[in-house]
Amino acid sequence: MTLRFGLFGTGHWAAETHAAGLATHPGAELVGVWGRDRAKATALAQRYGVAPYQDVDALLADVDAVAVALPPDVQAGIAVRAADAGRHLLLDKPLALTLPDADRIVAAVDRRDVASVVFFTSRFNPAMIDFLGRSADGAWHGARGALFAAISEPGNPYGASPWRRVYGGLWDIGPHALSVVLPVLGPVARVAAMPGPAGGVHLLLRHTGGATSTLSLNLDGPVAAKTFDVTFFGEPGIVPVPHRDVTTGQAFHAAVDALLGQVTAGRPGHPCDVRFGRQVVAVLAAADTARVEQRIIDVPAGRPVA
């Protein structure tokens, strides 16, 4: 089957990943583009030979699914409206910037029983999927991760992103780390956080099964320090997660496949659906409070990782 998609967003990620991916996926049809900047929406729509929309609900009425590439706080409202309209959701990480907003998205998805995928890029890498499938056996004592980006590096297309500048590595980079750690070590029960240089943040997580993990996150660090390194330790030894062996475009196609698979089967539910996205937001929100208040914070219980 073919899913008709409406694209919400007009930035670099929307144009070069979402629009490009939808335009080339054999099971997707890009119908139209909506954006907060009408001129950008028109330009992006013309680039892909589709219609620009000025009204959110008008675009929702013409599609089966939405692909959202907007700041998380804007995404949350669009996602609820789309789910309530019975449209399937292909969303970006983080799902939202507050736990109540994440809960509203999950509630809307449950009300209408629509399919959902949150595009945690690494989770749509075949090598990572294989690794996680072999690693969720309870034999690990913990994990350590260092994820450093350099958003101010010349030519970085996200350097002018306002929400990333405000919320930093915790909210932009943290979801990537958690999307890998949580499926192996399980949900987080408690979190402590310490601010670091250049806007970095360091997390100490205690998981409900007793494992612990540490994550060092920086969005605007030195160019020479850029890294994505997550390593698990325990009975199997010390094992780093595999590096991505597919392009971002290929990973996005896999995310579209995941949404299509749910719709075709008539069974919503995926390891990276909005329920998992909500779990990630719960950890991030607790970590944010822990960082500000400099105390250990309990993470609100939620649905288990699929």
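Residue indices begin from 1 for each chain and proceed along its sequence in written order. Reporting in this predicted model follows two pLDDT cut-offs: at least 70 for local features of residues, and 80 or more for side-chain atom pairs to be given and counted; totals over whole chains, interfaces and linings ignore these cut-offs and use all residues. Hydrogen atoms and water are omitted, and side-chain values are computed over all heavy atoms in the structure.

Undergrad: Can you walk me through the overall build of the chain in this structure?
TA: Secondary structure follows DSSP: runs of H or I at least 4 residues long count as helices, runs of E at least 2 residues long count as strands, and numbering of each begins at the N terminus. A count of helical and extended segments in the chain gives 10 helices and 13 strands. In terms of overall size, the chain behaves like a compact globule, its C-alpha atoms giving a radius of gyration of 19 Å where 306 residues would be expected to give roughly 19 Å. When the backbone C-alpha atoms are referred to their principal axes, the chain occupies close to 50 × 45 × 35 Å. Per-residue accessibility, obtained with a 1.4 Å probe over protein chains only, is compared with the maximum for each type, and a residue is labelled buried under 20%, exposed over 50%, and partly exposed between these values. Residue burial in the chain is summarised as follows: out of 306 residues, 53% are buried. Whether two residues are in contact is decided by their heavy atoms: any pair within 4.5 Å suffices. Taking the contacts inside the chain whose residues are at least 6 apart along the sequence as the reference set, 72% of them involve residues at least 24 apart. Accessibility throughout is a Shrake-Rupley quantity obtained with a 1.4 Å probe, and a residue counts as covered only by protein chains that appear here. Surface accessibility of the chain: about 12,700 Å² in total, with carbon and sulfur atoms responsible for 54%. Under the convention used here, Asp and Glu are negative, Lys and Arg are positive, and both His and the chain ends fall outside the count. The atom standing in for a charge is NZ when the residue is Lys, CZ when it is Arg, CG when it is Asp and CD when it is Glu. One way to put it: in the chain the 26 positive side-chain charges average out to a point 2 Å from where the 27 negative ones average out. The reference for a compact globule is 2.2 Å times residues^0.38; the radius of gyration itself is calculated from the C-alpha atoms.

Undergrad: What is the right way to read the packing of aromatic side chains from this model?
TA: What characterises a pair of aromatic rings is the spacing of the ring centres plus the angle enclosed by the ring planes. We call Phe, Tyr and Trp rings a pair once their centres come within 6.5 Å, taking the six-membered ring for Trp, and we label the pair stacked below 30 degrees between planes, edge-to-face above 60, and tilted otherwise. Throughout the structure, instances matching the rule amount to 9 aromatic pairs. Measuring from ring centre to ring centre gives 5.8 Å for F119 and F124, while their planes differ by 45°; the resulting arrangement is tilted. For F119, a relative accessible area of 1% puts it in the buried group. On the basis of relative accessibility, which here comes to 5%, the residue F124 falls in the buried class. Plain terms: the ring middles of F131 and F232 are 5.9 Å apart, the flat faces sit at 35° to each other, and that makes the pair tilted. Highlighted residues: F131 in helix α6 (residues 126-135) and F232 in strand β11 (residues 227-234), separated in sequence by 101 residues. Every member of this aromatic cluster is reached through a ring pair, and the members are W13, F119, F124, Y158 and F252.

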